[in-house]
Amino acid sequence: MIKTAKTSEEKAENEQILEGLNKSKYVLLKNEEDLSEEQKDKLIQVKEVSPELKIRNELKEEIRNIFEQSDNWLMGLLRLGIWLSRANKYFPDSRNTIIRWLDEIIAYFDDRTTSGVVEGINNKLKLIKRSAYGFRNFENYRIRCLLTWHFNY
């Protein structure tokens, strides 16, 4: 026999979980220290109804703190290794990506520089190339790229 109707207790429990998770995406993504009082209350509510989201949020805050507070590459590597062992169950894809790029990530702890600017420039160059549907010659492409960053040509 198939159970079609839920008991009123099960329905009430499901409604409580849905209410706790409703409009929680921004609260979970934002840094905890930047949350307003209302958002902090919402985060507490989400953590109460979903133990897994509670752990994932704590891991997110922990890795953010690793990058903000580690003074040298050795301390950063140690703390990152501990985080990776804890995060394996919850963030396996992120864990594998971090392991694959570990040398570059550790370099961040030495001088706090990232390749974000270069990545942005490359992305913009690809966008110009795609939006042009092909330039007549390379010189036109070069000029368009230089104009984008206000360089004299």
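No experiment lies behind these values; they were computed from the predicted model shown.

Here is what the cut-offs are and how they apply
- Residues numbered from 1 in each chain as written.
- Predicted model: local features only at pLDDT ≥ 70, side-chain atom pairs only at ≥ 80, totals over all residues.
- Heavy atoms only, no water.
- Core = buried A, V, L, I, M, F, W, Y, C linked by side-chain atoms within 4.5 Å.
- Buried < 20%, exposed > 50% of the residue type's maximum accessible area, 1.4 Å probe, protein only.
- Helix = DSSP H or I, 4+ residues; strand = E, 2+ residues; numbered from the N terminus.
- Phe/Tyr/Trp six-rings, centres within 6.5 Å; stacked < 30°, edge-to-face > 60°.
- Expected span 1.5 Å × (residues − 1).
- Axes fitted to C-alpha atoms, helices over the stretch in contact; angles between N-to-C directions.
- Parallel < 35°, antiparallel > 145°, perpendicular 65-115°, else oblique.
- Left-handed = near helix turned anticlockwise from the far one by under 90°.
- Contact = heavy atoms within 4.5 Å.
- Nonpolar A, V, L, I, M, F, W, Y, C, P; charged D, E, K, R; others polar.
- Polar contact = N/O pair within 3.5 Å; in protein donor to acceptor, adjacent residues only side chain to side chain.

Take the nonpolar core next. Residues Leu 59, Ile 63, Ile 66, Leu 80, Trp 83, Leu 84, Ala 87, Tyr 90, Ile 98, Ile 105 and Phe 109 constitute the largest nonpolar core, which totals 11 residues. If you list the elements that add at least two residues to this core, you get helix H4 (51–69), helix H5 (73–87) and helix H7 (102–111). Judged by nonpolar contacts, the second largest core, of five residues, contains Val 27, Leu 28, Leu 43 and Val 46.

The subject of this paragraph is the packing of aromatic side chains. Applying the stated criterion to the full structure yields five aromatic pairs. A centroid spacing of 6.0 Å and a plane angle of 55° characterise the contact between Phe 138 and Tyr 141, whose relative ring orientation is tilted. Of the two residues, Phe 138 and Tyr 141 both sit in helix H9 (residues 138–148), three residues apart, roughly one turn of that helix. Residue class for Phe 138 comes out exposed when judged on its relative accessible area of 59%.

Attention now goes to the environment of Tyr 26. With respect to the helices and strands, the residue Tyr 26 is situated in helix H2 (residues 25–29). Look at Tyr 26 and you get exposed, because its relative accessible area is 51%. C-alpha separation for the pair Tyr 26 and Gln 69, spaced 43 residues apart in sequence, amounts to 24 Å.

End to end, helix H1 (residues 8–21) covers 20 Å across 14 residues, agreeing with the expected 20 Å (1.5 Å per residue, within 8%). Looking one or two residues beyond H1, the residue adopting positive phi is Lys 23, at roughly 60°.

The interhelical angle for the contact between H5 and H7, taken along N-to-C directions, is 130°, at an axis separation of 8 Å. Relative to H7, the element H5 is oriented oblique. Like other packed secondary-structure pairs, H5 and H7 cross with a definite hand, here right-handed. In contact with Trp 73, Gly 76, Leu 77 and Leu 80 of H5, H7 contributes Leu 102, Ile 105, Ile 106, Phe 109 and Asp 110. Within the contact of H5 with H7, the residues separate by chemical class into seven nonpolar, one polar and one charged.

Looking now at unusual backbone geometry. The phi dihedral of Lys 23 is positive, around 60°, even though this residue is not glycine. Mapping Lys 23 onto the fold places it in the loop between H1 and H2.

Okay, the side chain of Arg 64 next. Mapped onto the elements of the fold, Arg 64 is located in helix H4. Within the structure, the side chain of Arg 64 is placed 2.7 Å from the side chain of Glu 61, a separation counted as a polar contact. Beyond its immediate stretch of four places on either side in the chain, Arg 64 contacts Asn 31, Glu 32 and Glu 33.

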